[in-house]
Amino acid sequence: MSEMLRAPAEVKYAEELDYLESVDTGPKPYSWRLSPNMVRLFVLGSERADGLDREIPQKWFGDRSFVERSIVTLASDRGLLLIGDPGTGKSWLAELLSAAICRNSTLVVQGTAGTTEDHIKYSWNVSMVIAKGQSRESMIPSPIMTAMEQGVVGRFEELTRSTSDVQDALISILSEKYVSIPELSTDNIVFAKPGFSIIATANSRDRGVNDLSSALKRRFNFVRIPMVTSKRSETEIVRFRTEELLRRHRIELDVPPTLLDILLQSFADLRAAAAAASSDDEKLESALSTAEQIGVLEDAILHSQFFGDRTLRAQTLASSLMGSLARRSPEDLAILNKYLHGVVEPRAKTDEGWAGFLDGGRQAIATLS
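**Student:** Help me out: how do you make sense of the overall build of the protein chain in this one?
**Tutor:** Each helix and strand in the protein chain was counted, giving 15 helices and nine strands. Overall, the C-alpha framework of the protein chain stretches about 80 × 50 × 40 Å when taken along its three principal axes. The buried share of the protein chain, reckoned over its 369 residues, is 47%. As presented, the protein chain carries roughly 18200 Å² of accessible surface, and 49% of it is formed by carbon and sulfur atoms. In the protein chain, the 43 positive side-chain charges and the 51 negative ones have mean positions that sit 3 Å from each other.

**Student:** When you look at helix H5 (residues 90-102) in this model, what are you seeing that I'm missing?
**Tutor:** Along an α-helix, residues three or four apart share an orientation, since each turn contains 3.6 residues. An ideal rise of 1.5 Å per residue puts 18 Å on 13 residues; H5 measures up with 18 Å between its terminal C-alpha atoms. In terms of burial, H5 is a largely internal element, 12 of the 13 residues being buried. By the burial criterion, the buried members of H5 are Lys90, Trp92, Leu93, Ala94, Glu95, Leu96, Leu97, Ser98, Ala99, Ala100, Ile101 and Cys102. Within two residues after H5, arginine 103 carries a phi angle of roughly 60°, on the positive side.

**Student:** Help me out: how do you make sense of the pairing of strand E8 (residues 197-203) in this one?
**Tutor:** Residues in a regular strand project their side chains so that they alternate between the two faces of the sheet. Within E8, seven of the seven residues are buried, leaving the element largely enclosed by the surrounding structure. Side chains Ser197, Ile199, Thr201 and Asn203 of E8 all project onto a buried face; the interleaved residues Ile198, Ala200 and Ala202 project onto the opposite face, where all are buried too. The sheet contact formed by strand E5 (residues 153-157) and E8 spans four bridges and is parallel. Directly across from valine 153, in E8, lies its bridge partner serine 197.

**Student:** Can you walk me through the sheet that holds strand E2 (residues 108-110) in this structure?
**Tutor:** Strand pairs in the sheet, formed through backbone hydrogen bonds, run parallel or antiparallel to each other. Reading across from one edge, E2-E5-E8-E1-E9 is the order of the five strands in this open sheet, with parallel pairing throughout. This sheet does not close on itself; its edge strands, each paired only once, are E2 and strand E9 (220-225). Strand-to-strand twist across the sheet, computed as the mean angle between neighbouring axes with direction ignored, equals 20°. Its contacts with the sheet place helix H8 (residues 164-176) against strand E1 (79-84), E5, E8 and E9, and it is angled at close to 150° to E8.

About the criteria used
- Residues numbered from 1 in each chain as written.
- Predicted model: local features only at pLDDT ≥ 70, side-chain atom pairs only at ≥ 80, totals over all residues.
- Heavy atoms only, no water.
- Helix = DSSP H or I, 4+ residues; strand = E, 2+ residues; numbered from the N terminus.
- Buried < 20%, exposed > 50% of the residue type's maximum accessible area, 1.4 Å probe, protein only.
- Areas by Shrake-Rupley, 256 points an atom, 1.4 Å probe, with all protein chains shown as cover.
- Lys, Arg positive; Asp, Glu negative; His and termini not counted.
- Charge placed at Lys NZ, Arg CZ, Asp CG, Glu CD.
- Expected span 1.5 Å × (residues − 1).
- Pairing = 2+ DSSP bridges.
- Axes fitted to C-alpha atoms, helices over the stretch in contact; angles between N-to-C directions.
- Contact = heavy atoms within 4.5 Å.

Okay, here's the thing in structure tokens:
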């Protein structure tokens, strides 16, 4: 296999999926590659009680009930809508579920203001149409139509960012399970094979951009993914993603537990401040999600590797955090500066790690101001 910048889950975890498929004796819906129990085990990791002769690591960190309800929804051939704030792992969960169920997570439509009905149905190869006319051979199926023809899972990212026309086109697909091709006189209907379903994601912060119609809502089962509030779970997520980053870049660099604690605590402090704020001007524009924590740590690690002494320090971590979260000037800079003086400075008097963090934060704000 040639190297990939980011391999899809079914490629990255191919050995695990092969093993699980070989020992899976449970009933499988439709054309699923794994039984529902094994899909859950692949996503959430194995336990001793599962009786496997090898460990399956946890890949998504969240409440077990969210994963189970998602799997049950897909087994019923209903559409699944994962909704939540940015950075809550919606897309990652959708990818893992698709990989486990059908070994293909790449049939994806990205919802934007420019997404059209063609992106979820079909378009035409213009040169072939000119040469031979319209036919099934000259048609270019969308990822959703391909999923229908193969009886697998299709994905629709950021559903609420697409227009109402695009959303309405999904209604017939989810309810009737076929797509008509009026341009053709014969062979003009594509029927969905058993096993077809759609996993869509929606950002709860996009509410009001393109709200879902009641008709479309009825055709989805909603699973709301909350922000991770458990420090233990958040630590596991950040550590899991960081280890992936280090392997991908072939970097040998230790992340001191004390610095990981500082990162987690700083985000917890800023979230608490945002919750207590009386107006949007007193809140950072950032969602302060776990994904953004990972981004801050990734930036600090790469900076330490390429422009430092290959040792992660509190100063570098603070500089990365300030640079990532200061998106509005002067509003965000004022909020971060207030945090440094009101919260970090008292801690810095008795803790060397927080002292370095304070120093790096002050330098970053001075540079950005």
